[in-house]
Amino acid sequence: MENFLQELNKSQQDAVLYNEGPSLVIAGAGSGKTRVLTYKIATLLESGYAPYNILALTFTNKAAREMKERIAGLVGLPLASRLWMGTFHSVFSRILRANADRIGFTSDFTIYDSSDSRSLIKSIVKDKGLDDKLYKPSSVQAIISNAKNALITPAAYLLNKELMESDMYSKRPLIQEIYQTYWNRCLRAGAMDFDDLLLYTNILFRDHADVLERYRSIFRFVLVDEYQDTNFAQHLIVRQLAREHGRICVVGDDAQSIYSFRGANISNILNLKDEYPGCRTFKLEQNYRSTRNIVSAANSLIEKNKEQIRKNVYSENAEGSKIEVLNAYSDYEEGYFVANRILEMHSSDGYVFNDFAILYRTNAQSRIFEEALRKRSIPYRIYGGLSFYQRKEIKDVISYFRLAVNPHDEEALKRIINYPARGIGDTTLGKIIECGVKHDVSLWQVIVSPLEYALPVNSGTLGKLQKFRELIEDFIEENRSLDAMEIAEIIIRRSGIFKEIFSDRSVENISRQENIQELMNGIQEYCSNRREEGNEHISLVDFLAEISLATDQDTEEDGTSDKVTMMTVHASKGLEFKNVFVVGLEEDLFPSSLSKSSESEIEEERRLLYVAITRAEENCVLSYAATRYRNGQPTAMPPSRFLKDIDPCYLKLPSALSSGNKIPGLDREPHFGKYTSHASIYRNKTTGSRSSFPMWDAEMSASTSSLKKVSSLVSSSTESEERTLTSIGNISVNARIRHDRFGEGTVVEISGEGDNCKVGVEFDQVGKKQLLLKFAKFTVI
DNA sequence: AACCTCTACGTTTTT
DNA sequence: CGTAGAGGTT
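In this numbering scheme, every chain counts its residues from 1 along its sequence in written order. By the order in which they are written, chains take letters starting at A while ligands take numbers starting at 1. Local features in this predicted model are restricted to residues whose pLDDT is 70 or higher, and side-chain atom pairs enter the listing and the counts only when it is 80 or higher, whereas totals over whole chains, interfaces and linings include all residues. Hydrogen atoms and water are omitted, and side-chain values are computed over all heavy atoms in the structure.

Engineer: An account of the UniProt feature "binding site: ATP" (unreviewed entry) in chain A is needed here, citing residue identities and associated values.
Structural biologist: Per the UniProt record, "binding site: ATP" (unreviewed entry) is annotated on Ala27, Gly28, Ala29, Gly30, Ser31, Gly32, Lys33 and Thr34. Only DSSP runs of H or I with at least four residues qualify as helices, and only runs of E with at least two residues qualify as strands; both kinds are numbered from the N terminus onward. In this fold, serine 31 is placed in the loop between strand 1 (23–27) and helix 3 (33–46). Any pair of residues with heavy atoms lying within 4.5 Å of one another is described as a contacting pair. Those residues in contact with serine 31 that sit more than four places away from it in its chain are Gln12, Leu284, Gln286, Asn287 and Tyr288. On the secondary structure map, threonine 34 appears in helix 3. Summary of the burial criterion: residues with accessible area below 20% of their type's maximum are buried, those above 50% are exposed, and those between are partly exposed, where the area comes from a 1.4 Å probe applied to protein chains only. Looking at threonine 34, the relative accessible area reads 28%, which means it is partly exposed. Apart from the residues within four sequence positions on either side, threonine 34 is in contact with Met67 and Arg70. UniProt positions are given in the numbering used here, feature names are shortened, and annotations may be inferred rather than shown by experiment.

Okay, structure coming up:
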């Protein structure tokens with residue numbers, strides 16, 4: 001134990017060693033927060049706590065996994081793996097499964113992801129004959145989610161004057177009714193959404209004193225990471241578990257609170273001392289991650305916020321270089337600048353690609369950087385966007401899994417009742433739903449007893465439904481005895497998915513096959529991991545429970561590959577990189593146009609930038625573009641106000657336009673001129689003439705607009721029924737082309753017409769390929 | 001029921 | 001610009 005302590009500074013030691021009462025650790029960015037938590041848990045274990053007496057809550061699976069690994073390194077895996085450690089959602093879903101009967105569920109309940117719940121809301125709005133423009137499923141979903149986070153049930157909603165009046169004002173008086181129906185249908189389907197996991201935990205603890213008592217005595221010590229991101233429901237769960245005995249340690253940084261949009265409330269951490277009498281506060285202020293310059297720059301930014309706990313984050317590392325500010329004419333040029341800068345630093349400063357991250361405000365920005373990096377052959381990986389589990393073919397397979405575990409699962413059933421096609425169309429499904437609603441039973445119950453519920457369908461349809469029922473019952477039966485892997489294989493074969501997807505090798509099916517293969521590998525891996533931990537029987541339920549709370553952030557990356565990381569700033573929290581590019585620093589993007597209505601929203605955006613900058617260890621680059629494609633339109637973008645919040649003495653401003661310490665564009669309005677000249681660049685490209693910017697010529701020759709030109713010529717040639725198969729559009733046999741993936745090659749044949757038009761190309765590197773003109777991305781050279 | 005075309009729509013962040 | 005969803009067509 002002594003040697004642990006030597007690796008900690010004084011304030012870290014104090015925080016680790018004080019375990020007699022409640023404590024709050026305010027941990028500045030890069031101050032070794034995770035280290036304190038892991039050592040604290042190790043200390044608790046040494047001082048006699050059993051691992052299962054310790055509850056440690058995090059916000060991401062990744063954070064939980066990393067911490068578990070580090071603790072395993074200190075005390076060994078057997079001990080570490082028996083800690084109650086995980087995200088709020090995963091830990092409490094476990095507890096809910098164990099006590100499901102107390103709250104009207106079974107332990108096999110399904111977890112709806114946000115698209116499941118949106119789809120259910122949509123279906124309810126439709127059933128009630130409401131206008132889905134007014135009752136937009138996503139807005140209704142947000143309202144319901146907020147209510148749940150505030151622990152307001154449908155019944156409580158009805159009694160809540162404020163909410164009901166607000167719905168009246170927005171001309172949507174029936175929201176409560178939708179909420180009530182949503183609630184009932186989830187209950188009937190045996191399903192919980194993300195918010196329910198926290199809400200029902202609160203209900204469980206509130207209504208069942210014996211259960212609460214039991215968990216209070218099990219969790220003799222409670223630790224919570226990232227407390228600034230807790231919402232009311234989470235805060236209350238923690239309070240119920242820990243306030244009485246007061247053995248709690250909460251870690252967080254108010255300066256890094258960036259999730260208020262989903263109900264996180266900074267006052268949970270700011271007011272903690274009032275809730276836990278005798279609470280001691282420890283501040284970790286030394287930053288070990290970043291250079292002095294980066295820390296100072298970040299400090300000068302966050303100082304502009306009014307709401308915060310004052311602290312003095314400092315670094316004793318090298319001074320480091322200044323934060324570089326890049327200004328580009330356009331979003332494309334921004335991508336080009338960043339890609340270039342990465343290559344420069346890669347070749348001259350000895351960095352590997354893993355040392356770089358590009359952080360942006362919105363996922364939509366990733367596209368341009370992908371393109372720019374791909375052109376320069378810089379390897380990259382993207383986090384976020386649509387996750388693996390959101391892909392259609394994966395959701396389909398998972399839906400079968402879900403039904404095998406819980407056939408009442410409405411969303412899963414709707415998804416695959418006619419996939420693969422078995423003649424049960426929308427009309428029949430509509431009748432089943434109507435029938436279920438009428439008798440207040442699940443869709444599955446209607447299918448099992450169609451006569452009892454007087455389902456109005458003909459005998460042919462009835463037969464099809466019974467065949468479907470037998471299929472699912474077969475899965476349910478097999479699932480009782482088989483392992484996750486075995487049942488998964490059976491389901492994929494007997495459901496007809498295998499036949500559907502693996503029968504041919506068409507372009508789009510190949511990627512589906514790969515995805516399903518990847519899913520199977522995932523199950524296999526999950527099973528072997530669980531076996532290592534000493535479980536013999538690994539059921540499908542367990543696997544589903546795991547993946548319904550997994551995000552693509554959690555998919556294992558092979559640490560061997562050397563790639564630039566791209567992700568949103570939100571996703572980067574808790575990570576660090578040697579070199580960080582924060583891009584798109586423009587008004588209405590960062591800060592987002594949707595977060596400008598109040599000062600507190602602006603402050604949150606400022607914290608977001610603070611988080612982004614403090615990810616950097618050695619170099620940080622901030623970039624912005626004067627024009628950017630927004631909704632298909634090139635739009636003038638003023639630089640972000642945050643650029644002038646950072647003390648310019650920590651910045652290296654763009655040389656070309658830097659006059660003194662001014663940020664180009666901040667104090668004047670030159671963009672209109674630049675913007676128009678840019679619009680003309682775009683025009684020039686489509687008409688084929690050359691722009692006057694050399695860099696554009698070099699970089700944009702393989703642009704999407706020239707691709708468009710090819711395909712538009714192709715379709716015009718089909719219109720005139722032209723069948724010259726030696727040339728089509730501006731492609732002809734013997735033409736040289738460049739393909740994004742396959743490199744350069746020579747066209748050897750042209751066949752088909754219209755959308756089926758194919759070109760055979762002999763590539764220099766990879767041999768002959770048939771390219772479907774409709775899809776292939778290449779340019780004639 | 002599958003396929004296609006057209007239009008409308010939206011762009012915040014995530015367990 | 002890109003997609004998703006509706007609507008129409010085979």
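Engineer: With reference to specific residues and values, describe the confidence of the model for chain A.
Structural biologist: Interpreting fine coordinate detail is not advised for predicted regions of low pLDDT. The quantity known as pLDDT measures the predictor's confidence residue by residue, on a range of 0 to 100. Averaged over all residues, the pLDDT of chain A is 82; the fraction at 70 or higher stands at 82%. For the stretch residues 665–726, pLDDT sits under 50, and the model shows 79 contacts to residues farther than four places along the chain or on other chains. A low-confidence stretch, residues 753–757 stays under pLDDT 50, and its non-local contacts, those more than four residues away or across chains, total 15 contacts.

Engineer: With reference to specific residues and values, describe the pairing of strand 15 (residues 577–582).
Structural biologist: When you tally the buried positions in strand 15, you get 5 out of 6 residues, the bulk of the element. When DSSP locates at least two bridges between a pair of strands, those strands are taken to pair. Of the strand pairs in this sheet, strand 15 and strand 16 (residues 616–630) are connected by 5 bridges, and their pairing is parallel. When the sheet's bridge partners are listed, asparagine 579 is paired in strand 16 with asparagine 619.

Engineer: Would you mind going over the pattern of salt bridges in detail, with residue names and values included?
Structural biologist: Salt bridge, as applied in this entry: a Lys or Arg side-chain nitrogen positioned within 4 Å of an Asp or Glu carboxyl oxygen. Summed over all chains, the structure comprises 45 salt bridges. In this structure, lysine 573 and aspartate 229 form a salt bridge, with 2.3 Å as the shortest nitrogen-oxygen distance. In this pair, lysine 573 sits in the loop between helix 29 (569–572) and strand 15 while aspartate 229 sits in the loop between strand 6 (221–224) and helix 14 (232–242), placing the two residues 344 residues apart along the sequence. When its relative accessible area of 14% is taken as the criterion, lysine 573 is described as buried. Via salt bridges that share partners, Lys33, Asp225, Glu226, Asp229 and Lys573 belong to a single interconnected network.

Engineer: Account for the state of the cysteines, with residues named and values stated.
Structural biologist: Two cysteine sulfur atoms make up a disulfide if the distance between them is within 2.5 Å. Inspection of the entire model under this criterion finds 0 disulfides. No disulfide involves cysteine 186; its sulfur sits 20 Å from that of cysteine 435, the nearest cysteine. Cysteine 186 sits in the buried class, given a relative accessible area of 2%.

Engineer: Which residues make up the packing of helix 2 (residues 10–17) against helix 3, and what are the values?
Structural biologist: Fitting a line to C-alpha atoms yields each axis, with helices limited to the stretch in contact; the angle taken between N-to-C directions then spans 0 to 180 degrees. The geometry of helix 2 relative to helix 3 is characterised by a closest axis approach of 9 Å and an angle of 40 degrees between their N-to-C directions. In this view, helix 2 runs oblique relative to helix 3, as classed from their interaxial angle. The hand of the helix 2/helix 3 crossing is right-handed. Counted together, Gln12, Ala15, Val16 and Leu17 of helix 2 and Arg35, Val36, Tyr39, Lys40 and Thr43 of helix 3 form the full contact between these two elements. Residues are grouped as follows: Ala, Val, Leu, Ile, Met, Phe, Trp, Tyr, Cys and Pro are nonpolar; Asp, Glu, Lys and Arg are charged; every other residue, Gly included, is polar. Tallied by class, residues from the contact of helix 2 with helix 3 come to 5 nonpolar, 2 polar and 2 charged. Each angle is binned into one of four classes, with values under 35 degrees roughly parallel, values over 145 roughly antiparallel, values of 65 to 115 roughly perpendicular, and all other values oblique. Take the far helix as your reference; a near helix turned counterclockwise from it by less than a right angle gives a left-handed crossing, and one turned clockwise gives a right-handed crossing.

Engineer: Describe in detail the packing of aromatic side chains, supporting the description with residues and values.
Structural biologist: Pairing of aromatic rings covers Phe, Tyr and Trp, the last counted by its six-membered ring, and requires centre-to-centre distances within 6.5 Å; plane angles under 30 degrees mean stacked, over 60 mean edge-to-face, and any other angle means tilted. Summed over all chains, the structure comprises 20 aromatic pairs. With centroids separated by 6.1 Å and ring planes inclined at 75 degrees, the aromatic side chains of phenylalanine 105 and phenylalanine 109 adopt a geometry described as edge-to-face. Ring geometry for tyrosine 259 and phenylalanine 261: centres 5.7 Å apart, planes at 45 degrees, overall tilted. Classification of tyrosine 259 by relative accessible area gives buried; the value is 15%.

Engineer: Would you mind going over helix 13 (residues 209–218) in detail, with residue names and values included?
Structural biologist: Among all positions in helix 13, only Val211, Leu212, Tyr215 and Arg216 are buried. Along helix 13, the residues classed as buried sweep out an arc of 135 degrees about the axis, all on the same side. Its buried side turned inward, helix 13 meets helix 6 (88–98), helix 12 (194–207) and helix 14. By arc we mean the arc of the directions from the helix axis to the C-beta atoms, nothing more.

Engineer: Tell me what's going on with helix 8 (residues 137–149), and back it up with residues and numbers.
Structural biologist: Compared with the 18 Å implied by 1.5 Å per residue over 13 residues, the 18 Å span of helix 8 between its first and last C-alpha is a close match. Those residues of helix 8 that sit buried are Pro137, Val140, Gln141, Ile143, Ile144, Ser145, Ala147, Lys148 and Asn149. Positioned one or two residues after helix 8, leucine 151 has a phi angle of 60 degrees, which is positive. Expected span of a helix, by definition, is 1.5 Å for each gap between consecutive residues, and there is one gap fewer than residues.

Engineer: Mind laying out the sheet that holds strand 3 (residues 84–87), listing which residues take part and the relevant values?
Structural biologist: Read across the open sheet, the 6 strands follow the order 3-2-6-7-1-8; overall the sheet is parallel. The open sheet has two free edges, formed respectively by strand 3 and strand 8 (280–284), since each of these has just one partner strand. Across this sheet, the average inter-strand angle for adjacent strands is 15 degrees, counted without regard to direction. Note: strand 1 against strand 8, 5 bridges, orientation parallel. Counted as the bridge partner of isoleucine 26 is lysine 283 from strand 8.

Engineer: How would you summarise the side chain of aspartate 193 if you had to cite specific residues and measurements?
Structural biologist: Within the secondary structure, aspartate 193 sits in strand 5 (residues 191–193). The class for aspartate 193 is buried, based on a relative accessible area of 5%. Of the polar contacts made by the side chain of aspartate 193, one reaches the backbone nitrogen of aspartate 195; its length is 3.1 Å. Those residues in contact with aspartate 193 that lie beyond four places of it in its chain are Tyr112, Ser117, Lys148 and Tyr182. Here a polar contact is recorded for every N or O atom pair within 3.5 Å, except that within protein the pair must consist of a potential hydrogen donor and a potential acceptor, and residues adjacent in sequence are included only if both atoms are side-chain atoms.

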